Amino acid sequence: KAGVTQTPRYLIKTRGQQVTLSCSPISGHRSVSWYQQTPGQGLQFLFEYFSETQRNKGNFPGRFSGRQFSNSRSEMNVSTLELGDSALYLCASSPGVLAGGTDTQYFGPGTRLTVL
Amino acid sequence: AQTVTQSQPEMSVQEAETVTLSCTYDTSESDYYLFWYKQPPSRQMILVIRQEAYKQQNATENRFSVNFQKAAKSFSLKISDSQLGDAAMYFCAYIYKGTYKYIFGTGTRLKVLA
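Draft legend 1. Inspection of the sheet that holds strand β3 (residues 19-24) of chain A at higher detail. All names here are of chain A. Pairing is antiparallel in the open sheet, where four strands are placed in the order β1-β3-β8-β7. The open sheet has two edge strands, β1 (5-7) and β7 (64-68), and neither has a second partner. Averaged over all pairs of adjacent strands, the angle between their axes in this sheet comes to 20 degrees, without regard to strand direction. Pairing analysis gives five bridges linking β7 to strand β8 (residues 74-78), with the strands arranged antiparallel. Pairing of Ser 65 across the sheet is with Asn 77, part of β8.

In structure tokens:
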């Protein structure tokens, strides 16, 4: 089975622009989660989707948004980019079969976003 | 608030030796799950081991085992017969039922010396 894929792998943007990152989960997985990884803050939860519904959201400003499609693929969007948004954005998928979202999450390679 | 603490930012181990990475967590929940993930320099996070809080038996996966002390809220990872390929950042993570999100520790960088 193919793993979680994320595109693009690297991205350079300037302040004020917006960006869309894409994540394709492992086949059959219905839950997709997004995390931001920075040296200073570590791994921070952004949001989680299951069957196109957002079930939880982290403490990020409204500039960060996401969605999930009927085929379980997910996108996250960051509008009005700031320098502090530079980070590795990780997507993780899980089957979504265990009650309460406690399935093991499998991570993609990440998208490295640099904001200049 | 739930928190996960990894107090060792960096550790070193000689090849073929054993090393233990520490993790403590704070929670008032009873239905939760704990994980260790490995992130090699290529940045792909890989699951090392998973532990259900309701299970008293410590999880093991080949050379990797945990010491789960529920009352002490401690979840340490033991790596036996360390190999050069074990060099990576190791993250401890926690999730409790109904939240759909992992809470991660700050990570421990493990160096394996030849």
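Draft legend 2. Expanded view of the state of the cysteines. This model, assessed by the stated rule, comprises two disulfides over all chains. With a sulfur-sulfur separation of 1.7 Å, Cys 23 of chain A is cross-linked through a disulfide to Cys 91 of chain A. Disulfide Cys 23 of chain A-Cys 91 of chain A: the torsion about the S-S bond is -55 degrees, which places it as left-handed. Taken together, the residues span a long stretch of sequence, with Cys 23 of chain A in strand β3 and Cys 91 of chain A in strand β9 (residues 87-94) at a distance of 68 residues. Its relative accessible area of 0% is what places Cys 23 of chain A among the buried residues. Looking at Cys 91 of chain A, the relative accessible area reads 0%, which means it is buried. Covalent S-S linkage joins Cys 23 of chain B and Cys 92 of chain B, the inter-sulfur distance amounting to 2.0 Å. Here the S-S torsion is close to -65 degrees, and the disulfide linking Cys 23 of chain B with Cys 92 of chain B is therefore left-handed. A residue pair is termed long-range when its members are at least 10 positions apart, and Cys 23 of chain B in the loop between β3 (19-21) and β4 (24-26) and Cys 92 of chain B in strand β10 (residues 88-96) qualify at 69 residues.

Draft legend 3. Just the side chain of Asn 77 of chain A, in detail. Residue and element names in this part refer to chain A. Position of Asn 77 among the secondary structure elements: in strand β8. Within the local environment of Asn 77, its side chain forms a polar contact with the backbone oxygen of Val 19, the two atoms lying 3.2 Å apart. At a separation of 2.9 Å, a polar atom in the side chain of Asn 77 contacts the side chain of Thr 20. Excluding anything up to four places from it in sequence, Asn 77 contacts Gln 18, Val 19, Thr 20, Arg 63, Phe 64 and Ser 65.

Draft legend 4. Fine view of the interface of chain A and chain B. Facing the 22 residues of chain A at the interface are 19 residues of chain B. In total, chain A and chain B occlude about 1900 Å² of area from one another, counting both sides; carbon and sulfur atoms represent 56% of this. Area buried by chain A at its contact with chain B is led by Leu 43, Thr 102 and Phe 107 of chain A, which between them contribute 28% of it. There are zero salt bridges connecting chain A and chain B. Our count for the contact surface shared by chain A and chain B stands at nine residue pairs in polar contact (both at pLDDT 80 or more). Residue classes in the side of chain A that touches chain B are distributed as nine nonpolar, nine polar and four charged.

Draft legend 5. Inspection of the side chain of Arg 50 of chain B at higher detail. Along the chain, the position of Arg 50 of chain B falls in strand β6 (residues 46-52). Judged by relative accessible area, which is 17%, Arg 50 of chain B ranks as buried. Polar side-chain contacts of Arg 50 of chain B include one of 2.8 Å to the backbone oxygen of Thr 102 of chain A. At a separation of 3.0 Å, a polar atom in the side chain of Arg 50 of chain B contacts the side chain of Glu 52 of chain B. Beyond its immediate stretch of four places on either side in the chain, Arg 50 of chain B contacts Leu 98, Thr 102, Asp 103 and Thr 104 of chain A together with Tyr 33, Leu 34, Phe 35 and Ala 59 of chain B.

Parameters at a glance
Residues numbered from 1 in each chain as written. Chains lettered and ligands numbered in written order. Predicted model: local features only at pLDDT ≥ 70, side-chain atom pairs only at ≥ 80, totals over all residues. Heavy atoms only, no water. Pairing = 2+ DSSP bridges. Helix = DSSP H or I, 4+ residues; strand = E, 2+ residues; numbered from the N terminus. Axes fitted to C-alpha atoms, helices over the stretch in contact; angles between N-to-C directions. Disulfide = S-S within 2.5 Å. Buried < 20%, exposed > 50% of the residue type's maximum accessible area, 1.4 Å probe, protein only. Polar contact = N/O pair within 3.5 Å; in protein donor to acceptor, adjacent residues only side chain to side chain. Contact = heavy atoms within 4.5 Å. Buried area = accessible area lost by both parts, 1.4 Å probe. Salt bridge = Lys/Arg side-chain N within 4 Å of Asp/Glu carboxyl O. Nonpolar A, V, L, I, M, F, W, Y, C, P; charged D, E, K, R; others polar.

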